[in-house]
Amino acid sequence: MQLNACVVGLGTSDVIGKDPGRSPLRLQFESFRAALRDANLDKADVDGLVTAWGSPRGVDYDEFVVAAGLELTWVSQLWTHGRWTATAIQQAAMAVTTGVAEVVAVVNSHVAAQGYARKLPQMPTSLGAVDEALRDGGGPYGNWTIHGTPGAGAGAALAAQQYMDRYGATAADLARIPVTLRAFAHDNPMAVLRDRELSVEQYLAEPELMGPLRQSDICEMVDASTCLLVTTAERAADVGRPVVHIAGMQGIQSGRDNYVFFSRPGLGAGVSPSYDYVAPKTFPVLERAGIARDDLDGFYTYDPFSPQIWMALERWGFCAAGEAAAYCRDKGIGLDSPLPMNTSGGSLAEGHLYGYGHMLEMVRQLRGEAGPRQITGARALQWGTPWGDALVFTNEQVR
Amino acid sequence: MTIDGGAPDPFALERVDAAPGPAPHVHPDIAGFWDSLREGHLSLQRCSECRTLRFPLSTHCHVCLSGEYAWEPIDPRGTVNVAIRAHEAVSDLPASGVSLPEPWRGMTPYLTGAVDMPAGVRLPGRIVCTCGRALRPGTPVRAVLLEAADGATTYGFAHACP
Ligand SMILES: [Zn+2]
Ligand SMILES: [Zn+2]
């Protein structure tokens, strides 16, 4: 079945900040209204909604439907994790392609522990959710919480250390990632770290916190909301905005080889096997979009921690296993590189928008609305994470 | 420790002094793991149908889906697959992706990681090591018993620091 899905509207909360003092519901109203304005649509046009990030640090779908007076024919709510970004958009694309809904809002709101979440009741983990290591048998993390690795950062640090041990990558190599993303943030008026320059020397002067990770390797948690409106090509053509097609998709690869969310396959993260990973020549996401890897003008990945960029480059075959550190050092990931990445500044410097900030940026790039961050002539962009989910967005120049 | 008063038990775990971590949450279905630790062994489940030794702990076999299994003590000697230090500076962090909850927050610096066991599994665990050599992959370590909160016992690993 051919995909028939486009992004026609995007919006953020009026503020993206460390502590703007606004509830998740208020932030979500702001992003939802901004997306409707952007697409020149009315709330009555929206008949579907998908969210990943529910109450209390976000807004459950039913809470928002009642608060916003929506009448919907299709809704979905995922799990309070950053891993669902592409999946949420894929659900919206499948909903409009199959016709169970015509205009779907992919809307998420989230408040952080240093922000509005201080006003919420104490919750047992930093994510405000039940500790997953308390699942029967410790769950797939193998009860790591009781071993002193109770957060996402420890999992990312372990995978990064495995990478550095195996391939001899250094702290100076890793520095290239936060330094480049900080430079992108300088050109993004919405980025929380837009005024905080970072050099390799400054990076190396920061103390290590968890394994090899320093402060600048760790995403900036913010209070914010994002919204994308997804509809069919026919409906999109009526809206009068530049059309961005959701041209290809590929789901989260889930198995004992792939479940660790901070590693590409083959590094031996968690209980997964160690082996020499070789990326396929192409992927279903590219085949569905009808393009080759070389046709991509930019690449976006979820970057709560710097080493995710290495993992994603290798997972998706932009360089061979073990070469990403040298690739980032020698070719870079900036606008002047062969493959610009996370041009908004990403989670490290724009702010942690659970990956949806990257999706908004891809749409802006394909509309030619990215200002000083614009990738010249951008026609096709890929999202792909180290654990295997992906999207390809294209504009009219590809069709 | 000896079995039936006979030869020394090569799989018996020593108890090592270290600041107690949090107590595990014991699901009744896998309580045998914690019972075994109290008896001084690190035991995993071996499937009665296909004989796979499994980790993580689970009620059923991930290969054949059988629910029949027996707890089997494993050799406590292993080698470090990966180890990291939770640095002292992490204790000063405000809430973020790497901040630690108590009691870990107050316990830095400490080492933690994953250890490859001769039984063919890779196990997570805290690594007690004062010399820092356990940060190097391939370093031999031994599974040990560690005190946890509320008088509970968990396992970890220890390096024979020179
Ligand atoms: Zn079996
Ligand atoms: Zn030692």
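Residues numbered from 1 in each chain as written. Chains lettered and ligands numbered in written order. Predicted model: local features only at pLDDT ≥ 70, side-chain atom pairs only at ≥ 80, totals over all residues. Heavy atoms only, no water.

Undergrad: Help me understand the overall build of chain A in this model?
TA: Each helix and strand in chain A was counted, giving 12 helices and 11 strands. In summary, chain A has a C-alpha radius of gyration of 20 Å against a globular reference of 21 Å for 399 residues, a match within 12%. Overall, the C-alpha framework of chain A stretches about 55 × 50 × 40 Å when taken along its three principal axes. Looking at the 399 residues of chain A, the share that counts as buried comes to 64%. A separation threshold of at least 6 residues defines the contact pool for chain A, and within that pool the share at least 24 residues apart is 76%. Taken as a whole, chain A presents about 13,800 Å² of accessible surface, with 50% of it coming from carbon and sulfur. (Helix = DSSP H or I, 4+ residues; strand = E, 2+ residues; numbered from the N terminus. Rg over C-alpha atoms; globule rule 2.2 N^0.38 Å. Buried < 20%, exposed > 50% of the residue type's maximum accessible area, 1.4 Å probe, protein only. Contact = heavy atoms within 4.5 Å. Areas by Shrake-Rupley, 256 points an atom, 1.4 Å probe, with all protein chains shown as cover.)

Undergrad: Looking at this model, I keep getting lost on the overall build of chain B. Mind explaining?
TA: In terms of helices and strands, chain B carries 1 helix and 8 strands. Start at the N end of chain B and walk to the C end: the helices and strands fall as α-β-β-β-β-β-β-β-β. Here the C-alpha atoms of chain B give a radius of gyration of 17 Å, agreeing with the 15 Å that 2.2 N^0.38 yields for 162 residues. With respect to the principal axes defined by its C-alpha atoms, chain B has extents near 50 × 35 × 30 Å. Counting only residues that meet the buried cut, chain B has 51% of its 162 residues in that class. Long-range pairs, those at least 24 residues apart, make up 60% of the contacts in chain B between residues at least 6 apart in sequence. In the structure as shown, chain B presents an accessible area of about 7,400 Å², 51% of it carried by carbon and sulfur atoms. Of note, chain B has its 13 positive side-chain charges centred 8 Å away from the centre of its 17 negative side-chain charges. (Lys, Arg positive; Asp, Glu negative; His and termini not counted. Charge placed at Lys NZ, Arg CZ, Asp CG, Glu CD.)

Undergrad: Looking at this structure, I do not really get the interface of chain A and chain B. What am I missing?
TA: In this assembly, 43 residues from chain A lie in contact with 42 residues from chain B. Per-residue buried area on chain A facing chain B is highest for Ile146, His147 and Leu209 of chain A; these three make up 20% of the total on that side. For the pair chain A and chain B, the interface holds 0 salt bridges. Seen at the junction of chain A and chain B, the total is 12 residue pairs in polar contact (both at pLDDT 80 or more). Residue assignment for the side of chain A that touches chain B shows that the elements contributing at least two residues are helix H4 (152-167) and strand S5 (208-210) of chain A. (Buried area = accessible area lost by both parts, 1.4 Å probe. Salt bridge = Lys/Arg side-chain N within 4 Å of Asp/Glu carboxyl O. Polar contact = N/O pair within 3.5 Å; in protein donor to acceptor, adjacent residues only side chain to side chain.)

Undergrad: Before we go on, may I ask you to explain the pattern of salt bridges in this structure?
TA: A side chain with one charge can pair with a side chain of the opposite charge if their charged atoms come near. For the structure on display, the rule yields 20 salt bridges over all chains. Where glutamate 361 of chain A meets arginine 364 of chain A, a salt bridge forms, and the shortest distance between an N and an O atom there is 2.8 Å. Of the two residues, glutamate 361 of chain A and arginine 364 of chain A are both situated in helix H12 (residues 356-367); the distance of 3 residues between them amounts to about one turn of the helix. We classify glutamate 361 of chain A as buried; its relative accessible area is 0%. Exposure remark for arginine 364 of chain A: the relative accessible area of 12% places this residue in the buried category. Close ionic contact of arginine 38 of chain B with aspartate 35 of chain B constitutes a salt bridge, the shortest N to O distance being 2.5 Å. Of this pair, arginine 38 of chain B and aspartate 35 of chain B both sit in helix H1 (residues 31-38), 3 residues apart, which is roughly one turn of the helix. Overall, arginine 38 of chain B belongs to the exposed group, its relative accessible area being 59%.

Undergrad: I would appreciate a short explanation of the UniProt feature "domain: Thiolase C-terminal" (unreviewed entry) in chain A in the present structure.
TA: Mapped onto this numbering, the UniProt entry annotates "domain: Thiolase C-terminal" (unreviewed entry) at residues 286-379 of chain A. Taken as a whole, residues 286-379 of chain A contains 38% helix and 3% strand, while its terminal C-alpha atoms sit 14 Å from one another. (UniProt positions renumbered as here; feature names shortened; annotations may be inferred.)

Undergrad: How should I be thinking about the coordination of the zinc ion (ligand 1) in this particular structure?
TA: The textbook angles at a metal center are 109.5 degrees for a tetrahedron of four donors and 90 or 180 degrees for an octahedron of six. Residue and element names in this part refer to chain B. Those protein atoms acting as donors to the zinc ion (ligand 1) are Cys47 (SG), Cys50 (SG), Cys61 (SG) and Cys64 (SG), and they sit at 2.3 to 2.4 Å. Relative to the metal, the 4 donor atoms surrounding the zinc ion (ligand 1) lie at angles of 98 to 117 degrees, and the coordination shape comes out tetrahedral. Judged by relative accessible area, which is 0%, cysteine 47 ranks as buried. Given the relative accessible area of 30%, cysteine 50 is considered partly exposed. (Donors = N, O, S within 2.8 Å, 3.2 Å for Na, K, Ca; no water. Tetrahedral: all angles 85-135°; square planar, octahedral: opposite > 155°, others 65-115°.)

Undergrad: Sorry, what's going on with the coordination of the zinc ion (ligand 2) here?
TA: Residue and element names in this part refer to chain B. Each protein donor to the zinc ion (ligand 2) is listed here as Cys129 (SG), Cys131 (SG), His159 (ND1) and Cys161 (SG); together their distances run 2.1 to 2.4 Å. For the zinc ion (ligand 2), the 4 donor atoms in the first shell make angles of 100 to 115 degrees at the metal, so the coordination geometry reads as tetrahedral. Between consecutive donor residues of the zinc ion (ligand 2), the sequence gaps follow C-x1-C-x27-H-x1-C. Placement of cysteine 129 in the loop between strand S6 (122-128) and strand S7 (140-147) and of cysteine 161 in the segment after strand S8 (153-158) is noted, with a sequence separation of 32 residues between them. Overall, cysteine 161 belongs to the partly exposed group, its relative accessible area being 26%.

Undergrad: Can you walk me through unusual backbone geometry in this structure?
TA: Residue proline 56 of chain B follows phenylalanine 55 of chain B across a cis peptide bond; omega there is 5 degrees. Considering the arrangement of structural elements, one finds proline 56 of chain B in the loop between strand S2 (53-54) and strand S3 (69-73). The peptide bond linking threonine 108 of chain B to proline 109 of chain B adopts the cis configuration, its omega dihedral lying at -5 degrees. Assignment of secondary structure puts proline 109 of chain B in the loop between strand S4 (77-86) and strand S5 (110-116). Within the chain, asparagine 40 of chain A stands out as a residue other than glycine whose phi angle is a positive 55 degrees. Along the chain, asparagine 40 of chain A turns up in the loop between helix H1 (24-39) and strand S2 (48-51). Despite not being glycine, aspartate 150 of chain B shows a phi value in the positive range, around 60 degrees. Looking at the element boundaries, aspartate 150 of chain B is found in the loop between S7 and S8.

Undergrad: Got a minute to help me understand the sheet that holds S3 of chain B in this structure?
TA: Think of a sheet as strands paired side by side through backbone hydrogen bonds, with each pair either parallel or antiparallel. All names here are of chain B. Reading across from one edge, S2-S1-S3 is the order of the 3 strands in this open sheet, with antiparallel pairing throughout. The sheet terminates laterally at S2 and S3, the two strands that pair on one side only. For strand S1 (residues 43-47) and S2, the ladder comprises 2 bridges, and the chain directions are antiparallel. Bridging from a neighbouring strand, glutamine 45 pairs with arginine 54 of S2. (Pairing = 2+ DSSP bridges.)

Undergrad: Before we go on, may I ask you to explain the sheet that holds strand S4 (residues 103-110) of chain A in this structure?
TA: All names here are of chain A. On the basis of which strands lie adjacent, the open sheet formed by 9 strands has the order S3-S2-S4-S7-S1-S8-S11-S10-S9 and mixed pairing. Looking at which strands have only one partner, the edges of the open sheet turn out to be strand S3 (74-77) and strand S9 (298-300). Neighbour-to-neighbour, the strand axes of this sheet turn through a mean angle of 25 degrees, independent of strand direction. Looking at chain direction, S2 and S3 are connected through 4 bridges and run parallel. Its bridge partner being in S3, leucine 49 is matched across the sheet by valine 75. (Axes fitted to C-alpha atoms, helices over the stretch in contact; angles between N-to-C directions.)

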